[in-house]
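Structural overview for review
The chain contents come next:
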Amino acid sequence: MKKFININIIITCILLLVSCKKDFMDRYPQTSVPPDLFFKSEEDLSLYINGLLTIPGRDNYLSDQDTDDKATTGAVEIKSIMTGNPSSQNITSGWSWGRLRNINYFLDNYGKADVSEEVKNHYAGLARYYRALFYTNMVKRYSDVPWYSKALNPSDTSDLYKPRDPRALVMDSVMADLAFAADKVREDVPTGTPNVWVMKLLQARTALYEGTYRKYHDELGLESTAGGLLQLAAEVSKEIMSSGNFILHDSYGELFTSASLAGNKEVLLASIYDQDLKRSGGNWNILDYEMSPSRDLVQTYLMKDGSRFTAQAGYQTFGFVQEFQNRDPRLSATLFYPGFILASNAPNPKPYIQRLNKNFTGYHQLKGYINSTDNKTIADVDFPAYRYAEVLLIYAEAKAELETLTQSDLDESINLLRDRVALPHLDLAWVNSNPDPVLAAKYPNVSGANQGVILEIRREKRVEFAMEGYRFDDLMRWEAGKELEKIPEGMYFSGLGNFDLTGDGIPDIKLIDKGATIPNEDAKETNSLGEKLVYYKAGSFGEDVTVYLKNGTAGGTTVTEITPRQFIDPKYYYRPIPFNQVTLNPALEQLFGWQ
Amino acid sequence: MQKLLRLNCSRPCRELRKVILFMKLTALFLFVCCLHVSAKVHSQKITITLSRVSLEKAFAAIEKQSQYRFVYNDDNIPFNRRVTVSASGASINEILTSILDETNLGFRMLSDKLIVIAPKGTEKKDVTVTGTVINTLNEPLPGVTVQLKNTNVVVTTDVDGKFEIKVPENAVLIFSFIGHETQEVPVEGRTSVNITLNAAENSLNEVVVVGYGSEKKINVTGAVDQISGKKLAERPIANLFQGLQGISPGLNITYPGGRPGATPAINIRGITTLTGGGSPPLIIIDGIASTVDDILRLNPQDIGSMSVLRDAASAAIYGARAAFGVVLITTKVGASGGKQRVSYNNYFSWSKRTVLPNQITDPYIYSRVLETATDNTPWDYVNYSDYQYQWAKERSENPSIEDTRVDPNDPTKWTYMGNNNWNDYFFNKASASQNHSISFSGGAEIGKGKPFGYLLSADWTKENGLNKLAKDDWNRYGLRAKVNFTPLTWFKIENNLNIYQTITDAPTYNITDLYYLQPTQVAKNPDGTWANTGAGRLGAQLTDGGRNDQTRFGFQNIIRGTASFLNNDLQVTGSASFKREIWKYNVDYRKYKIGYGPDDIREEGGSGSVSATNGIVKHDVYDLFATYNKTVANDHSFKILAGYNQEEYVWSYEQVSRDRLISSSLPYIFLTTGENPLLDADYSTYALQSVFGRLNYTFKNRYIIEGNGRYDGSSRFPRQRRWGFFPSVSAAWIASEENFFKPLQDKISSLKFRISYGDLGNQSVSNFGYIQTLPTGISSYLINNAMPTIITGAPPLSVDPDTYTWEKVTTFNVGADIGLFNNKVQAGFDYFVRKTIGMLGPVQELPGVLGTSAPTQNVADLSTKGWELTVGYRDNFDIAAKPFSFGVKVFVSDSKSKITKYRNDQLLLSSYRVGQEIGEIWGLENDGYFSSQEEIDALDESAIVPWGALDIVPGWPKYIDQNKDGVIEKGNTVTDPKDLKIIGNTSPRYRFGINLDFDWNNFDLSVFLQGVGKQDFYPRHYLFWGPYQQPYAGIYEWNLDYYRGASETGAERDRHSASYIAAGLADENKNSYFPVLQSWLADANYGAGLDIPQTKYLLNASYLRIKNVTLGYTIPNAVTKRFKVSRLRVFFTGENLYEFSAIKKYIDPEAVADGWGWAYPYQRKYAFGINLDF
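Residues numbered from 1 in each chain as written. Chains lettered and ligands numbered in written order. Predicted model: local features only at pLDDT ≥ 70, side-chain atom pairs only at ≥ 80, totals over all residues. Heavy atoms only, no water.

**Some thoughts on the overall build of chain B**
The helix and strand tally for chain B stands at 16 helices and 58 strands. Considering only C-alpha atoms, chain B reaches an extent of 120 × 70 × 70 Å along its principal axes. Here chain B holds 1174 residues, and the buried ones make up 58% of them. Long-range contacts, defined here as pairs at least 24 residues apart, represent 69% of the contacts in chain B between residues at least 6 apart. Total accessible area on chain B stands at roughly 46700 Å², and carbon and sulfur atoms take up 55% of it. The distance from the centre of the 121 positive side-chain charges to the centre of the 121 negative ones in chain B is 11 Å. (Helix = DSSP H or I, 4+ residues; strand = E, 2+ residues; numbered from the N terminus. Buried < 20%, exposed > 50% of the residue type's maximum accessible area, 1.4 Å probe, protein only. Contact = heavy atoms within 4.5 Å. Areas by Shrake-Rupley, 256 points an atom, 1.4 Å probe, with all protein chains shown as cover. Lys, Arg positive; Asp, Glu negative; His and termini not counted. Charge placed at Lys NZ, Arg CZ, Asp CG, Glu CD.)

Below you can see the structure in the form of structure tokens.
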């Protein structure tokens, strides 16, 4: 009996120890949030919306490699398309819908919050703004895309397998989202996040994009609907201008080199970098990266007196130093100029000598490069993600395209940009009677009474926003894809011999024949400053030299590559839906000849 | 006393009885009640009532009531005799006279209340038996337990193996000793008994630890291998993992490198699932489920034995977590009744790196080849000036010329031209490590039939890394206290406490960054500051850049009670294990100084930062199980096991990081001043509940059938599909026991066939996989001047909660074990087919507009087939009149896994697919080089040009156009692979181990080899490709054999250094191993060019490694016993001594494990140590 009792005691003890709590087997995480406990307060809404935040950052300075502004050795999609055999099997990026799911999930749930309508509308406005951005990008690539206004589930088969929705329908929804955002989002928001004025800018930008796109792309058959959108662009941009909240910043260059853009009246929203607060920007080796500015961009800048650089006789044979003389000051804020002193060379303040190399133009990008040796200084510079200058340009362009542009419109838009850099005003009557033949050749589809001013507005946009990531979209909406067929070229050299690159008239480099040998250090020629010349072998593309010139040793512009480019119109304005997606959902048809 | 007892427990008894009625085990316990015993003891007077019990039971009952003990020989006790006793206050004489009436037995009282029962006439004689116990090597065995059967009368042998015991002349003695077969010897009147004990190892009579019990090896029906701890104790291993590699067939240990304290991947029988993260087996330490990491904290000297359960039948008792096999580790116990023993073991070792690619160091060759590599590309990033070439040339010809100068163009800066082998600079050639362990063990009897045993051990291990510049080591401090005692004769308690601490102390920066360095860099400036180069920076970072200290402190206590009933036929065991660990990690980054120029020393490393992590582990396990063994009518033997198991695991950590150290010498979190400290946390938990059972039936000792089952519940599955039942069945036939086999006995000593089939669940899926929650994170933007916590998006649809459940793993296993020539030769073979059914996989691919990957369901299947073969030979004979014994054990194992079900309709190569063999390499077939522009024009390879930008020129690799379309392309699907085909397989095949040991004249020698018979490796990254990858790191000797279309002549040739000319680099080389020298051609970031696997550079990664050689010498007893030392052995040993391998030209053959070869170097170790016993 004693034994029996003992066993019982032991077993009972063990059972008591392990006594099964009823929920012993139910385990929940502690570092993520169950949805049914969320979407209750304004704080919840803000936590989610902050997760959707996206603002262009300093890496935008590396963009425009896909345009006529830069030569690149990078694997850029449009370059691969123009030089290869593009198909839905090898153009497979872009069909990513994860972000839309995150946005729509919020829109499906925010209504549950126990907060006022005003609060709900503010956050819903932000979510719809992000959705509009998402869809605009989709439309840019694919034109017609399926529209979804809720987060999908695997069981939603009719939605999952539906065909594309027409572009007009999708863009109507986008414009509705933007209109809602521009109406409901607050003006006073946490720093570093978009407020109602950013919504309005995007509303204007998107209206202008779609309006001009429809006007110039007849393959869509939507020309008749362009006017309304352009009208909207003009109205919204005018509203921003009239608000009096924004003025252009005095110094163009400071927009790209300031440690803080807070309080800058031109910047609607900056992407803030602050090393102390753990967000650092870098120079991304702009100096030594795979890209270099093109000569075509250099030639686009006006002369200091407002005249056209390309109107000068013999401008095509101007060398680097001559090209930079008496130009729109924005040129020297965008590119390394002759005599530029690189801070990293200190304490040896000699002007930087442009480095030449195969596949590079010889021009170096300055915009986005922080000329300092101090890491914190470099890290802290903010990026002007949305600038008031764009509002002015939208206004002018929309009015010009609507053919309602007046001189006073120009004076309160484009001419403000010109005032900032001390360029003479653009005169509507004069320019319309003297359209720039170089630009006219670039944009042959611009015509009508406003041809001259439209061309100048396009010049102003390219110059003002060079290297900031706008050019590709502009070329696409202006239907100027053919412009991309031109392979970017570089500096002009008259032939072999000595050249000045620092602007002091004293030679800095020496181009020698491909057959010659670069002499030993001791045997190198010295200039009058006592500096050794930098030697390069020059010749034709593909030869064993460092500098490729158009006419080989006889000179010409530097050549970056020779593979011919073909821009098929209208096919290459669009991208194919990836092959496997069409296989999964055959209702998705390829458009514009894509296979 | 009787009264007292009743008073105390009558009420609780009733209540407890009610409780027990609810229990399923009640039936088993009712057996206890059959024995109606009530007793009262008054000094020598006994009150006892027995009704119709056997004589043995009567003796046992008396023993339990009194202090008497009986000595008898079973064979003398009449079978079937039942006695009835009813005595009240009777003397022992009266009772015995009564129950021995009508038998031919008599009895005699000895001292110590010992009573001899023997046939009448013989019971009167006592003899003093003396003797010596030796092992098969004729060595005396000290500490052997010599027990008088059926009593607790025990003596142990002395240092000479001698014993003396006074016993009745008909007594039976039991000789037992750890690691040896136990022998029973009848005295039969002899006064001298000399015994040779056979080592238990390799013996079919060896007792093998299996799930919830042990079993004689001959009776095991599953695929089980056992390793004795002795094998591990004598190697210079810092942790148990290092000793497991190649030691057991089918047990695969893959090391990611030689970093001290590294946890390797451990796996049994190859890949089991696509979802389980490496499929580690279940680790059971002293009966308690543990984590793989727990192996690190064990003192190798503490290991008693290890069993590896490979098939489902042997693992099934552990249910859900045993799907990938089980490793059972049992620590040593303090022997009860044995003598006290003190052991001390140590080793001191020196290690250096094994095989590591060495860069070329000639500064001229390096500079010129690197520039050539980029000259041939559109990105001409490397341009050395003539000044640098001149200097390089001078240094190449006269290395005594200085490698650091003041920059002639900028006198404020240094400029460099080194010729360094960074492996030699950063890695130590003799890193000292050591281990010490001491243990006290023994036992005593604290009362009649109440033995007590203990084992106390402590160890300290310090494993040093190879870092020459900074401390980089791993330490373990361990303490184990094991006691077992028997408070009641039928109840035993064991307590097993382990306290441990491991400390990893390393620099924060990673020493493997040295693989990025260039030989022309210099580490230190002439003024002693760190140079402004990658090498100088790495040197500064390793020495001054911060420390990464990871301390884990923990303890585990296992308390286990075992109650025995029905003459030990029924045992009930309850155990509880509590483990707690504290993880304290401190990682800091500090400022360090770099000398830019003679008077320009700058501080780098930001403002410094500290990240402090506190983690805690809670792991509680409770087990309750009962075993019942019964043999009926001699031929029918049953074993039944039933039990319950419950487990709970919680792991969580909080981490805080803040920057701006107040001072670099105070790297503590509170002494920082940065804004926005970052918080991080993680939490994971699971719970398990199970009931399990086993039924084993053996007929005539030769037919065995066994069934196992386990009903498992896991918190990792939703309530509705949380539980699963996993059964298995196995059978064995011991053919050698059959009568028709007897004539062959002298040749085939044992032969057994085994077969098993089982169905296991796999619960190694994520803890909260089925719970959809909103993921949180930290914003990458500054909002209100801080990076706030955010919701990162919608809940992912990772699984379909409506169908999510257990993966099933079914294993079919057939095997045979054979022993030849008196078991001198033993072999075992197993073949298995394992199917993993219902792995989480995509049900079907859904359109991308869903915005997330389609939820996975339990729909994918995998099939693995493999085999294991073990052959051992053990023998001994005399050499020079001294016994020589030796043993060989060789095993080979292999497995191959194929996907049998997976939803990938298009058969995309980018995903798993039906028919795919795990490890397949799809690649191009090399066809030499393009030799002319015509050839280039004839075959379009533009689709595989890296970055779309390199030029295809003569000397570019040419491939076979498999689909004859004139274009070389990578296909996307199995149905249209374009020019790809399967060119190899990365899975290791034919893993083998060879163990040899020899013993002669106090010398022992063991050799252990281990390897992989077949494996392919396609190299990627710098360590093989050098400048072909990117032009920012080293160049390796083999890279110099690159394609050169024409010889240089004239001035071109004259500019070079003598070394360059001597290396033939100015000469034509069209028959080269490497193609035309273009950087980025093998860029590991783009997936084109040489980064696409191809036949020419597919390397053979098979190897044979001399893992360990140990030579020991045991000082003869005659010498040592003068110092009261029972055993003193000194040994010399080497780990990873040498390897036979084709790939070792490039990297260590084991370094292929990570796919890159980017490993912390593997270590070669030389050590000596002693084993000392008192």
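Next comes the rest of the account.
**Brief notes about the pairing of strand E32 (residues 592-597) of chain B**
All names here are of chain B. A large share of E32 lies buried, amounting to 5 of its 6 residues. In the sheet, E32 pairs with strand E33 (residues 600-604) via 5 bridges, with the strands oriented antiparallel. Bridged to Gly597 within E33 is Asp600. Where E32 folds back onto E33 in an antiparallel hairpin, the turn is made up of 2 residues. (Pairing = 2+ DSSP bridges.)

**Remarks on empty space enclosed by the protein**
Residue and element names in this part refer to chain B. Applying the stated criterion to the full structure yields 19 cavities of 30 Å³ or more. For the largest cavity, the calculated volume is near 250 Å³. Taken together, 19 residues line the largest cavity, and the ones lying closest to its centre are Gln242, Tyr255, Gly258, Asn1136 and Gln1163. For the lining of the largest cavity, the secondary structure elements donating two or more residues are strand E56 (1103-1114), strand E57 (1127-1141) and strand E58 (1163-1173). Residues that form the lining of the largest cavity fall into these classes: 4 nonpolar, 8 polar and 7 charged. (1 Å grid on protein atoms, 1.4 Å probe; cavity = no way out; pocket = protein on both sides within 12 Å on 5 of 7 lines; lining within 4 Å. Points joined across faces, edges and corners; volume = space filled by probe spheres on them. Nonpolar A, V, L, I, M, F, W, Y, C, P; charged D, E, K, R; others polar.)

**A few points about the nonpolar core**
Across soluble globular proteins, nonpolar side chains have a tendency to be buried as a group. By size, the foremost hydrophobic cluster in this structure holds 142 residues, and its most contacted members are A:Tyr48, A:Trp97, A:Phe106, A:Tyr129, A:Tyr135, A:Tyr386 and A:Val453. No other element matches helix H5 (residues 117-142) of chain A, which puts 14 residues into this core. Sequence-distant contacts of A:Trp97, that is, excluding residues within four places in its chain, are made with A:Phe134, A:Tyr135, A:Met138, A:Val145, A:Pro146, A:Tyr148, B:Gly848, B:Val849 and B:Gly851. Judged by nonpolar contacts, the second largest core, of 118 residues, contains B:Leu517, B:Ala523, B:Ile952 and B:Ala1101. (Core = buried A, V, L, I, M, F, W, Y, C linked by side-chain atoms within 4.5 Å.)

**Quick look at the environment of B:Glu1052**
Residue and element names in this part refer to chain B. In this structure, Glu1052 sits in helix H14 (residues 1050-1054). Of the residues examined, Glu1052 reaches a relative accessible area of 36% and is grouped as partly exposed. Considering only alpha carbons, one finds Glu1052 and Ile837, 215 residues apart in sequence, at a separation of 66 Å.

**A short note on the pattern of salt bridges**
Under the criterion given, the structure shown has 111 salt bridges over all chains. Notably, a salt bridge pairs A:Asp436 with A:Arg459, separated by 2.7 Å at the nearest N-O pair. Of the two residues, A:Asp436 sits in the loop between helix H17 (428-433) and helix H18 (437-442) while A:Arg459 sits in helix H19 (residues 451-464), which places them 23 residues apart along the sequence. One exposure class covers both A:Asp436 and A:Arg459, and it is buried. A salt bridge links B:Arg602 to B:Asp600, with the shortest nitrogen-to-oxygen separation between them at 3.0 Å. The class for B:Asp600 is buried, based on a relative accessible area of 19%. (Salt bridge = Lys/Arg side-chain N within 4 Å of Asp/Glu carboxyl O.)

**Focus: the interface of chain B and chain A**
Contacts between the two partners involve 89 residues from chain B and, on the opposite side, 88 residues from chain A. Roughly 8000 Å² is buried in total at the junction of chain B and chain A, and carbon and sulfur atoms are behind 63% of that figure. The largest contributions to the chain B side of the interface with chain A come from B:Tyr781, B:Leu782 and B:Val849, which together make up 9% of the buried area. Viewed at the interface, chain A and chain B are joined by 6 salt bridges. Where B:Asp386 meets A:Lys524, a salt bridge forms, and the shortest distance between an N and an O atom there is 3.5 Å. Run the count over chain B and chain A and you get 19 residue pairs in polar contact (both at pLDDT 80 or more). Taken together, the elements giving at least two residues each to the side of chain B that touches chain A come down to helix H1 (2-21), helix H9 (386-397), strand E34 (609-632), strand E35 (636-659), strand E36 (678-699), strand E37 (703-714), strand E40 (774-778) and strand E41 (789-791) of chain B. No other element matches E36(B), which puts 9 residues into the side of chain B that touches chain A. (Buried area = accessible area lost by both parts, 1.4 Å probe. Polar contact = N/O pair within 3.5 Å; in protein donor to acceptor, adjacent residues only side chain to side chain.)

**Focus on the side chain of B:Gln646**
Residues and elements named next belong to chain B. Among the structural elements, Gln646 can be located in strand E35. Reaching out from Gln646, the side chain makes a polar contact with the side chain of Tyr644 at a distance of 2.7 Å. Reaching out from Gln646, the side chain makes a polar contact with the side chain of Gln689 at a distance of 3.4 Å.

**Regarding the packing of aromatic side chains**
Applying the stated criterion across every chain yields a total of 103 aromatic pairs over all chains. Note on B:Tyr381 and B:Trp1080: the rings are 5.9 Å apart at their centroids and 85° apart in plane angle, and the pair reads as edge-to-face. Of this pair, B:Tyr381 sits in the loop between helix H8 (363-375) and H9 while B:Trp1080 sits in the loop between strand E54 (1074-1076) and strand E55 (1099-1100), placing them 699 residues apart in sequence. For B:Trp1080, a relative accessible area of 6% translates into the label buried. Members of the aromatic cluster, connected to one another through ring pairs, are B:Tyr1018, B:Phe1024, B:Trp1025, B:Tyr1028, B:Tyr1036, B:Trp1038, B:Tyr1073, B:Phe1074, B:Tyr1097 and B:Tyr1146. A cation sits over an aromatic face here: A:Arg27 above A:Phe24, 5.1 Å from the ring centre. (Phe/Tyr/Trp six-rings, centres within 6.5 Å; stacked < 30°, edge-to-face > 60°. Lys NZ or Arg CZ within 6 Å of the ring centre and 35° of its normal.)

**Re the side chain of A:Thr560**
Residues and elements named next belong to chain A. Within the secondary structure, Thr560 is located in the loop between strand E11 (556-559) and helix H21 (579-584). Thr560 sits in the buried class, given a relative accessible area of 1%. Here the side chain of Thr560 touches Pro488 through a polar contact of 2.8 Å, landing on its backbone oxygen.

**Here we look at the confidence of the model for chain B**
All names here are of chain B. Scored by pLDDT, chain B has a mean of 84; 92% of the residues are at 70 or more. Low pLDDT, under 50, characterises residues 1-43; the predicted model gives this stretch 40 contacts beyond four residues in sequence or across chains. In the predicted assembly, ipTM is 0.91 and pTM is 0.78. (pLDDT = per-residue confidence, 0-100.)

**Focus: H19(A)**
In this model H19(A) runs 20 Å from its N-terminal to its C-terminal C-alpha over 14 residues, within 8% of the 20 Å that 1.5 Å per residue would give. Of all 14 residues that make up H19(A), 14 are buried, and the element is covered over most of its length. (Expected span 1.5 Å × (residues − 1).)

**Remarks on unusual backbone geometry**
Residues and elements named next belong to chain A. Here the bond from Asp569 into Pro570 is cis, since omega is 5°, no more than 30 degrees from zero. Secondary-structure assignment places Pro570 in the loop between E11 and H21. Positive phi, close to 60°, is recorded for Glu403, a residue that is not glycine. As for its position among the elements, Glu403 is in the loop between helix H14 (388-401) and helix H15 (407-411).

**Details of the environment of A:Tyr216**
All names here are of chain A. Among the secondary structure elements, Tyr216 is positioned in helix H8 (residues 196-216). With 223 residues separating them in the primary sequence, Tyr216 and Leu439 have C-alpha atoms 16 Å apart. Ignoring sequence-local partners within four residues, the contact set of Tyr216 consists of Glu401, Asn445, Val446, Ile454, Arg458, Arg477, Trp478 and Glu479. One polar contact links Tyr216 to Glu401, side chain to side chain, over a distance of 2.8 Å.

**With respect to the sheet that holds strand E22 (residues 326-331) of chain B**
All names here are of chain B. Judged by pairing direction, the sheet is mixed, and its 5 strands sit side by side in the order E16-E21-E22-E19-E20 without closing on themselves. Each edge of the open sheet is held by one strand with a lone partner, namely strand E16 (224-228) and strand E20 (288-290). Sheet twist, expressed as the mean angle between neighbouring strand axes with direction ignored, is 25°. Across 6 bridges, strand E21 (residues 303-309) lies against E22 in antiparallel orientation. Residue pairing for E22: Val308 is matched across the bridge by Val327. (Axes fitted to C-alpha atoms, helices over the stretch in contact; angles between N-to-C directions.)

**As for a nonpolar patch on the surface**
A contiguous nonpolar surface patch, about 430 Å² in accessible area, is contributed by B:Ile705, B:Val729, B:Ile755, B:Tyr757 and B:Phe812. Within the secondary structure, B:Ile755 is located in strand E39 (residues 748-762). (Patch = residues over 30% accessible without salt bridge, like charges linked within 9 Å, V, L, I, M, F, W, Y side chains within 5 Å.)

**A word on the sheet that holds strand E5 (residues 105-109) of chain B**
Residue and element names in this part refer to chain B. Strand order in the open sheet made by the 3 strands is E3-E6-E5, with mixed pairing throughout. Every other strand in the sheet has two partners, leaving strand E3 (69-71) and E5 as the edge strands with one partner each. Taken over all neighbouring pairs, the strand axes of this sheet differ in orientation by 30° on average, direction set aside. Sheet strands in contact with helix H3 (residues 55-65) are E3, E5 and strand E6 (114-119), and its direction is about 145° off that of E3. Strands E3, E5 and E6 of the sheet are contacted by helix H4 (residues 92-99), whose axis makes an angle of about 165° with E5.

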